[in-house]
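# Structural features, examined
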Protein chains: 2
Amino acid sequence: MKQIELEQVLPSEIERRSFEIIQEELEAMGKKLEKDQAPIIKRTIHTTADFSYADNLIFSPHAVEKGLEALKEGAVIITDTNMGLAGINKKRLASLGGEAFCFMADKDVEEKARARGTTRALASMEKAADLFGRGGVSRPILFAIGNAPTALIHLYQLIKEGRIAPSLIIGAPVGFVNVVQSKELILTLEHTSYIVARGRKGGSNVAAAICNALLYQLPGYNQ
Amino acid sequence: MKQIELEQVLPSEIERRSFEIIQEELEAMGKKLEKDQAPIIKRTIHTTADFSYADNLIFSPHAVEKGLEALKEGAVIITDTNMGLAGINKKRLASLGGEAFCFMADKDVEEKARARGTTRALASMEKAADLFGRGGVSRPILFAIGNAPTALIHLYQLIKEGRIAPSLIIGAPVGFVNVVQSKELILTLEHTSYIVARGRKGGSNVAAAICNALLYQLPGYNQ
């Protein structure tokens, strides 16, 4: 294999070794993470190899605690992409009595979006509010938004209108049009917990990684 | 909505406007992209909001051409994550007669990995070689590796052993253990086309974005 030297690490040890490297490099950069936030920040860096998340992830007070409590009670996670849905550890979520949904490809969401001239992402948040908001099934609800700023903006409005009261919003759309603004909007919420990837960066992978970082902290998880 | 000002863009215009912004910023940075590589680099930036991909994506000669030819002939795309699989536009791929697979969660892959003490990623590459390599179904094959360096390293070995001859390798694992090395290994291949995200960065989202950037360039695509 030419001059390329591979590190000898057992399959089962790769993740542990990765987190060790991340920890070492964070220390070398002089970054000190809050104890409750550290697993989430580190898993996001693990997923992206991008250390800017050590600065960009913004947590509302007790956000991690709120997220963990909701998951312990068998929460519903709503994502705005099927990629995000694929990335969430649904087996682990199910072991806690939870479920994850993405409504983006649903026929009724597509039809509503077309009829009203909105994005499907917005229509998918409407569906979430209809199902799990005021008057719907009473279950703790987490939103994991990794793609569409329009989803996040509409979620803000649904909260302001009192139609839904999520336990936690993971706000990590990525991109260039209204992405930064959509996250700043969530950061203005005073009675809703959030973990927001401030700026342009984020993604379905980031949203899923944050969900999994929460899931893996709860008792009963063996990797 | 407080002082946060949203840009007024029609849903159908968001992607076009995003690519415009990316183009403007690349120009402001003085980056000039090769014509055939530009759609791939820009879509990767669109997916990640990370302009470092303008420097980090390494193309072997005629890689884009080779990828497009394979897709036109109804290629098989093999990915190493279900997230990557979720991100690939499978409807578009099917319209060209192609199919995408991820073998990571397959029972036989899990068993083989456990029996041999390898990663499942490695075992999933073995399965791909059994199905579509020498002696298997004769179809152009693309690999879109967005997670596991062990997949990429094993793919290198399968190629060296003459067991498989992919039309294109998209090499974009992300992370800290053997990730950089696995990509450098692919860059040493002389008779295999590749698009490699050099360095630690990459991801299932990046691998899927590169597949889609290829798919969207072929005739018959209407967004």
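Described below are features of the structure shown in this document. Note that the structure is a prediction, hence the values are computed from the model and not measured.

Another point: the packing of aromatic side chains. All told, the structure shown has six aromatic pairs over all chains when counted by the stated rule. Their ring planes at 20° and their centres at 5.8 Å tell us that F101 of chain A and F103 of chain A sit as a pair that is stacked. Given the relative accessible area of 25%, F101 of chain A is considered partly exposed. Between F176 of chain A and F51 of chain B, the ring centres sit 6.0 Å apart and the planes meet at 80°, which makes this aromatic pair edge-to-face. One end of the pair, F176 of chain A, is in the loop between β5 (168–171) and α10 (179–187); the other, F51 of chain B, is in the loop between α2 (38–48) and α3 (53–56), on a second chain. Comparing F176 of chain A with F51 of chain B shows no difference in burial state: the two are buried. Three or more aromatic residues link up through ring pairs in this structure, and these residues are F101, F103 and F132 of chain A.

What follows concerns the nonpolar core. Soluble globular proteins: nonpolar side chains tend toward being buried together. Residue and element names in this part refer to chain B. Membership of the largest hydrophobic core comes to 77 residues, with the highest contact counts inside it found for I40, I45, L71, I77, I78 and F143. For this core, the element with the highest residue contribution is helix α11 (residues 204–215), accounting for eight residues. Setting aside chain neighbours within four positions, we find F143 in contact with I78, M125, A128, L155, I164, P166, L168, I169 and I170.

On to the sheet that holds strand β1 (residues 57–59) of chain A. Residues and elements named next belong to chain A. Spatially, six strands are ordered β1-β6-β5-β4-β2-β3 in an open sheet, and the strand pairing comes out mixed. With partners counted over all chains shown, the strands left at the sheet margins are β1 and β3 (99–102), one partner each. Put simply, the sheet's adjacent strands are angled 15° from each other on average, direction ignored. On the sheet, helix α2 (residues 38–48) packs against β1 and β6 (194–197) and is oriented at approximately 160° with respect to β1.

Contacts between chain B and chain A engage 45 residues on the former and 45 residues on the latter. Summed over the shared surface of chain B and chain A, the result is two salt bridges. Note that R200 of chain A is salt-bridged to E25 of chain B, the shortest N-O span being 2.5 Å. Counting every contact that joins chain B to chain A gives seven residue pairs in polar contact (both at pLDDT 80 or more).

All names here are of chain B. Within the structure shown, the criterion is met by zero disulfides over all chains. Here C211 stays free of any disulfide, with the sulfur of C102 as its closest cysteine sulfur at 12 Å. Of the residues examined, C211 reaches a relative accessible area of 1% and is grouped as buried.

Residue and element names in this part refer to chain A. The N-to-C vectors of helix α8 (residues 120–132) and helix α9 (residues 149–160) enclose an angle of 35°; their axes lie 8 Å apart at closest approach. For α8 against α9, the interelement crossing comes out right-handed. In this structure, α8 uses A121, L122, M125, E126 and A129 to contact α9, whose residues at the interface are T150, A151, H154, L155 and L158. Of the residues in the contact of α8 with α9, the class split is seven nonpolar, two polar and one charged.

This paragraph deals with the packing of α2 of chain A against helix α11 (residues 204–215) of chain A. Residue and element names in this part refer to chain A. In contact at an axis separation of 9 Å, α2 and α11 are set at 140° when each is read in the N-to-C sense. It follows from the interaxial angle that α2 and α11 lie oblique. In the packing of α2 onto α11, the handedness of the crossing is right-handed. Across the interface between the two elements, P39, I40, R43, T44, T47 and T48 of α2 pack against N205, V206, A209, I210, N212, A213 and L214 of α11. Looking at side-chain class alone, the contact of α2 with α11 contains seven nonpolar, five polar and one charged residues.

Cut-offs and rules
- Residues numbered from 1 in each chain as written.
- Chains lettered and ligands numbered in written order.
- Predicted model: local features only at pLDDT ≥ 70, side-chain atom pairs only at ≥ 80, totals over all residues.
- Heavy atoms only, no water.
- Phe/Tyr/Trp six-rings, centres within 6.5 Å; stacked < 30°, edge-to-face > 60°.
- Buried < 20%, exposed > 50% of the residue type's maximum accessible area, 1.4 Å probe, protein only.
- Helix = DSSP H or I, 4+ residues; strand = E, 2+ residues; numbered from the N terminus.
- Core = buried A, V, L, I, M, F, W, Y, C linked by side-chain atoms within 4.5 Å.
- Contact = heavy atoms within 4.5 Å.
- Pairing = 2+ DSSP bridges.
- Axes fitted to C-alpha atoms, helices over the stretch in contact; angles between N-to-C directions.
- Salt bridge = Lys/Arg side-chain N within 4 Å of Asp/Glu carboxyl O.
- Polar contact = N/O pair within 3.5 Å; in protein donor to acceptor, adjacent residues only side chain to side chain.
- Disulfide = S-S within 2.5 Å.
- Left-handed = near helix turned anticlockwise from the far one by under 90°.
- Nonpolar A, V, L, I, M, F, W, Y, C, P; charged D, E, K, R; others polar.
- Parallel < 35°, antiparallel > 145°, perpendicular 65-115°, else oblique.

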